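# Residue-level structural notes
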Amino acid sequence: MDVMPKWAEVILVPLISLLLAAVLSALVILAIGEDPIAAVNLMVKGALGSTYGWGYTLYYATNFIFTGLAVAVAFHARLFNIGGEGQAMLGGLGVALAALYIPWPHWTLALIGCGVMAGVLGAIWAAIPGWLQAKRGSHVVITTIMFNFIAAALLNYVLVNVMRPPGSMDPASARFPEAVHLPTLHELLAPLGIAFSKSAPANVSLLVAVGACVAIWMLIWRTRLGYEIRAYGHSQPAAKYAGISPVRITMITMIISGALAGLMAINNVMGESERLVLNATEGAGFIGIAVALMGRSHPVGVFFAALLFGFLYQGGAELALWTSIPRELIVVIQALVILFTGALDNMVRMPLERLFLMFRRPGPPKPGPRSAQSESPE
Amino acid sequence: MDYITLIQLLDSTVRLATPLLLACLAGLFSERAGVFDIGLEGKMLAAAFFSAALASLTGSVWLGLAAGIASSLALSAVHGLASITFRGNQLISGVAINFLAAGMTVLIAQDWFAQGGRTPSLFGGARFEPITLPFAEAMESVPVIGPLYEELISGHSILVYAAFLAVPLTWWILFRTRFGLRLRAVGENPAAVDTAGVSVVGLRYAAVAIAGLLCGVAGAYLSTALQAGFVKDMSAGRGFIALAALIFAKWRPWYALWATLLFGLFGALETRPDVIQSVIGIKVQGQLLGALPYLMTVVILAGFVGKAIPPRAGGEPYVKER
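All of these numbers come straight from a predicted model, not from anything done at the bench.

### With respect to the overall build of chain B
Scanning chain B from terminus to terminus reveals 14 helices and zero strands. Listing every helix and strand of chain B by position from the N terminus yields α-α-α-α-α-α-α-α-α-α-α-α-α-α. Across its three principal directions, the C-alpha atoms of chain B cover 70 × 50 × 40 Å. Of all 322 residues assigned to chain B, the portion counted as buried reaches 52%. For chain B, restricting intrachain contacts to residue pairs at least 6 apart in sequence, the fraction spanning at least 24 positions comes to 77%.

Structural data, given as structure tokens:
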């Protein structure tokens, strides 16, 4: 039942949800005695006003593209992977192991090697809940939450007891060798004659993230496997009837999802900190949920939503620096975006659908009672 | 390990199990009515902040408790609106509530108290003080039973006793009243309840509200009884451990008590590594103990130790047929 044209579905609904979240956030800023317009100005200036700001915005966006894609892929099979945080932590462990214990001759090889390790460990961390869902019927949401906590405990143990260099008090691994240093945007753009801030952390992983967007688009809409994933997400009985194995699709989807979340580590661990620290993920796994919801699980949408959240993150850091607004404002905005684009989606959709129905059939018989009842969102 | 150490260990088990128990029962009501609630954590955190804030501002812990419950109920209303009225995804709504609470509590704490996201330390009437049960001091010298009564049973705040009383009460409401029967039915087969002329929406809202109330008490306990004041992210995953305990308990009140006591014991042992070492002879990593509730839940969920079957209509919004 297509009540709304496609553009309304893809652009109007998320835009209105975003607007609602923005209005509420502005009210929150007002309530704590600050000026929302000044705050937005400051955020824009801090996040987009210089190549330094852009460097941070793009760095955060890279993280969120990976975790957003991870959640989005799982959404296509109607699986809710909340475990991006834990999978990204394990990815960080993979990067650290590969970078520290293998002598890499050049950063390109190191990027591939560390990326594979990050993806594999992330995939394993998602595959266990996937297997439990597929074979034992335990809900993937609960198990991935549990795996986030187990990952945090595991990392804590590894960093404190195993990987910490002798004599160091800091729960962190040793610094990675110089050979695995990833070129930053400054180093990449300098030969082209473009001056980019030296101290900003955005690096070559951004290109990998964009590549991942393209790859996931190809996978979901241009391959047989992608078709099977979507079919399974739309109707499990129908997919089963068509000969699609639920176990296989659940496992493959979770593995792809976990690998994407794990890949985030090439940006934050390998590209930025160049050693594995405690809490390296900084909640990026959870922001992936907001990004995927806002981006309607489409790679293009995920890309732009990740940019928006990158902007919010960097802008929020600037706000915390110059005003009395704490960084937690971003967590509130994130919550409101998840709430309006995810959970309260029907609140926006139902009146809109009614509006479109009104315009579509001006005179003829009034739409039956069925029209008030919307299709449930994906 | 001597007797007094054991008593002390059990004493802190009870203290740590109380918020888990309250949150677990909250989840029990909600999920038995078919509404998944992974926002227990957020509701507890919000209640912890508002009860500490109000207690600190007014000096009355009871006003604090009321504020905590009110804030938790407000978040429950959001959850109800999203998952019952607008038939949204209950899990996503829960995630949003957790983040909303995590952000808002620090934001408001910074605005009100400007102490880096915490409330001032509470003292005197702004805290729930331990209650000494009658004859506790007189009994102290009696061997075996004396310390047991004086240390373990007596000397907790009133919320601890309330939490333990909530277990039989929950059992009675769910299994011995008409409301409870309908509440369980709405989680198993809402269409049947609807056919019988009982409001599915009303019952689910009632269940979500009870969950809010219990989470409110759990949060107030954290900041005004267990600790003296609110600090950022003080719920520290307890909402998720409660969720784990709920599955462990297979959605039953008495089992919930044992499950949360078990997880409370892990928490108590985490702070006493010397006790574990002396009992089993090897050093157990603190991180392992911290992760144990989650590991055990995964094992239970996998069905290796008995099967946990959730309410049948859990997580599905009810759409009336027309």
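So, next bit.
### Details of the interface of chain A and chain B
Quite often, the size of an interface is put as the accessible area lost when its parts meet. Contact residues are listed per partner, giving 38 residues for chain A and 39 residues for chain B. Contributing elements (two or more residues each) for the side of chain A that touches chain B: helix 5 (107-136), helix 6 (140-162), helix 13 (284-294), helix 15 (328-343) and helix 16 (345-360) of chain A. For the side of chain A that touches chain B, a count of residues per class yields 26 nonpolar, eight polar and four charged.

### Considering the confidence of the model for chain B
Averaged over every residue, the pLDDT of chain B is 89; the share at 70 or more is 98%. Scored as a whole, the predicted complex attains pTM 0.89, and scored at its interfaces, ipTM 0.90.

### Let's talk about unusual backbone geometry
In this model, A:Glu282 sits at a positive phi of 50°, which is unusual for a non-glycine residue. Turning to its location among the elements, A:Glu282 is positioned in the loop between helix 12 (265-273) and helix 13. Classification of A:Glu282 as partly exposed rests on a count of 14 C-beta atoms within 10 Å. For B:Lys250, which is not a glycine, the phi torsion comes out positive at approximately 55°. Relative to the elements of secondary structure, B:Lys250 occurs in the loop between helix 11 (238-248) and helix 12 (253-270). Looking at B:Lys250, the number of C-beta atoms within 10 Å reads 15, which means it is partly exposed.

### Side note on helix 13 of chain A
Burial of helix 13 of chain A is extensive: eleven of the eleven residues sit out of reach of the surface. Among the residues of helix 13 of chain A, those classed as buried are A:Ala284, A:Gly285, A:Phe286, A:Ile287, A:Gly288, A:Ile289, A:Ala290, A:Val291, A:Ala292, A:Leu293 and A:Met294.

### Observations regarding the packing of helix 2 (residues 40-58) of chain B against helix 4 (residues 90-113) of chain B
Residues and elements named next belong to chain B. Orientation of helix 2 relative to helix 4, taken along the N-to-C sense of each, is 15°, at an axis distance of 7 Å. It follows that helix 2 is roughly parallel to helix 4 by the angle criterion. In the crossing of helix 2 with helix 4, the sense of the turn from one axis to the other is left-handed. On the side of helix 2, the interface is formed by Glu-41, Gly-42, Lys-43, Leu-45, Ala-46, Phe-49 and Ala-53, while helix 4 contributes Ile-97, Asn-98, Leu-100, Ala-101, Ala-102, Thr-105, Ala-109 and Trp-112. Here the contact of helix 2 with helix 4 is composed, by residue class, of ten nonpolar, three polar and two charged.

Calculation rules
Residues numbered from 1 in each chain as written. Chains lettered and ligands numbered in written order. Predicted model: local features only at pLDDT ≥ 70, side-chain atom pairs only at ≥ 80, totals over all residues. Helix = DSSP H or I, 4+ residues; strand = E, 2+ residues; numbered from the N terminus. Buried ≥ 20, exposed ≤ 12 C-beta atoms within 10 Å, placed from the backbone. Contact = placed C-beta atoms within 7 Å. Nonpolar A, V, L, I, M, F, W, Y, C, P; charged D, E, K, R; others polar. pLDDT = per-residue confidence, 0-100. Axes fitted to C-alpha atoms, helices over the stretch in contact; angles between N-to-C directions. Parallel < 35°, antiparallel > 145°, perpendicular 65-115°, else oblique. Left-handed = near helix turned anticlockwise from the far one by under 90°.

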